[in-house]
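Results of the structural survey
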Amino acid sequence: MSAGSDDCLPPSGPEETPELARAWKEFEDVYHTHVGEVLRAATLASLGSRSDGWDATHQAFEQAWRRMLSPDGPPVHNWGAWLRRSAVRFALRSRPTREVVSLEDTDRPASDAPLDDQVIAKESWRQVVTALGQLSARRREAVVLRFIAGYSTAETAQIMGVDGGTVRSLVEQARAFILNRTRQEGDDG
């Protein structure tokens, strides 16, 4: 946990209450169920940086623990979506102008896939992540919030402080840019 966040860790020893023990069990269940999907989304939002993805995932789960302990907050009905969105937002805020990192040893395709398919999938993934990294910050934010975090156009617009038409325009511009870049790399290769 980050500095100053020890207050959100469950206490150990005689002061542990049955309510706290139930909350910790719920947290563990949520963690084990959703950590993989949250990490994948955060890593993609971090332009392939697994360490930045882990940082964002960690922040999202820390926030989830606090949310579970808060009696005032509305209940979360879909922890997977909630955590994925939180992690992606943390990733977007962490270093918006980061370089695209190497994708070696990340999210390997299933081992039963033919080698040619694995190579093509990895190269396609690299091209898309590289193109994402070359987008303007606003276009990247619109694409990541809309398609990686799973927000609707209206929710993305609200988060970005723009209207829905602007989000749709940014997404279309980003799609055209990514398609153009991946085609160029395909032609050069």
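Up top is the structure these notes are about.
Described in the following lines is the structure provided in the data block. (Residues numbered from 1 in each chain as written. Predicted model: local features only at pLDDT ≥ 70, side-chain atom pairs only at ≥ 80, totals over all residues. Heavy atoms only, no water.)

**Considering the overall build of the chain**
Counting its secondary structure elements, the chain contains 7 helices and 0 strands. For the chain, the residues scored as buried account for 37% of the 189 residues in total. Sequence separation of at least 24 residues holds for 65% of the intrachain contacts in the chain that already meet a minimum separation of 6. Roughly 11,000 Å² of accessible area belongs to the chain as shown, and the carbon and sulfur atoms make up 51% of that amount. (Helix = DSSP H or I, 4+ residues; strand = E, 2+ residues; numbered from the N terminus. Buried < 20%, exposed > 50% of the residue type's maximum accessible area, 1.4 Å probe, protein only. Contact = heavy atoms within 4.5 Å. Areas by Shrake-Rupley, 256 points an atom, 1.4 Å probe, with all protein chains shown as cover.)

**Notes on helix 2 (residues 50-69)**
Quick reminder: α-helices carry 3.6 residues per turn. Residues three or four places apart thus point the same way. Taking 1.5 Å of rise per residue, 20 residues should cover 28 Å, and helix 2 covers 29 Å from first to last C-alpha, within 8% of that figure. Taken together, the buried positions of helix 2 are Asp 52, Gly 53, Ala 56, Thr 57, Ala 60, Phe 61, Glu 62, Ala 64, Trp 65 and Met 68. Buried positions along helix 2 lie against helix 1 (18-45) and helix 3 (79-94). (Expected span 1.5 Å × (residues − 1).)

**Description of the packing of helix 1 against helix 2**
Two elements in contact, helix 1 and helix 2, have axes whose closest approach is 9 Å; the angle formed by their N-to-C orientations is 150°. By the angle between their directions, the pair helix 1 and helix 2 is classed as roughly antiparallel. The chirality of how helix 1 crosses helix 2 is right-handed. (Axes fitted to C-alpha atoms, helices over the stretch in contact; angles between N-to-C directions. Parallel < 35°, antiparallel > 145°, perpendicular 65-115°, else oblique. Left-handed = near helix turned anticlockwise from the far one by under 90°.)

**Describing the nonpolar core**
Counting residues in each nonpolar core, the largest one holds 45 residues, and the members touching the most others are Phe 61, Trp 79, Leu 83, Val 88 and Leu 132. Elements represented by at least two residues in this core include exactly helix 1, helix 2, helix 3, helix 4 (115-134), helix 5 (137-148), helix 6 (153-160) and helix 7 (164-188). Looking at this core, the element that brings in the most residues is helix 1, giving 10 residues. Among all residues touching Val 88, those that are not within four sequence positions of it are Ala 41, Ala 42, Ala 45, Val 144, Ile 148 and Ala 149. (Core = buried A, V, L, I, M, F, W, Y, C linked by side-chain atoms within 4.5 Å.)

**As for the pattern of salt bridges**
Under the definition given, this model contains 6 salt bridges. A salt bridge links Glu 19 to Arg 22, with the nearest nitrogen and oxygen atoms 3.8 Å apart. In this pair, Glu 19 and Arg 22 are both assigned in helix 1, 3 residues apart and thus about one turn of the helix distant. Neither Glu 19 nor Arg 22 differs from the other in exposure class; each is exposed. (Salt bridge = Lys/Arg side-chain N within 4 Å of Asp/Glu carboxyl O.)

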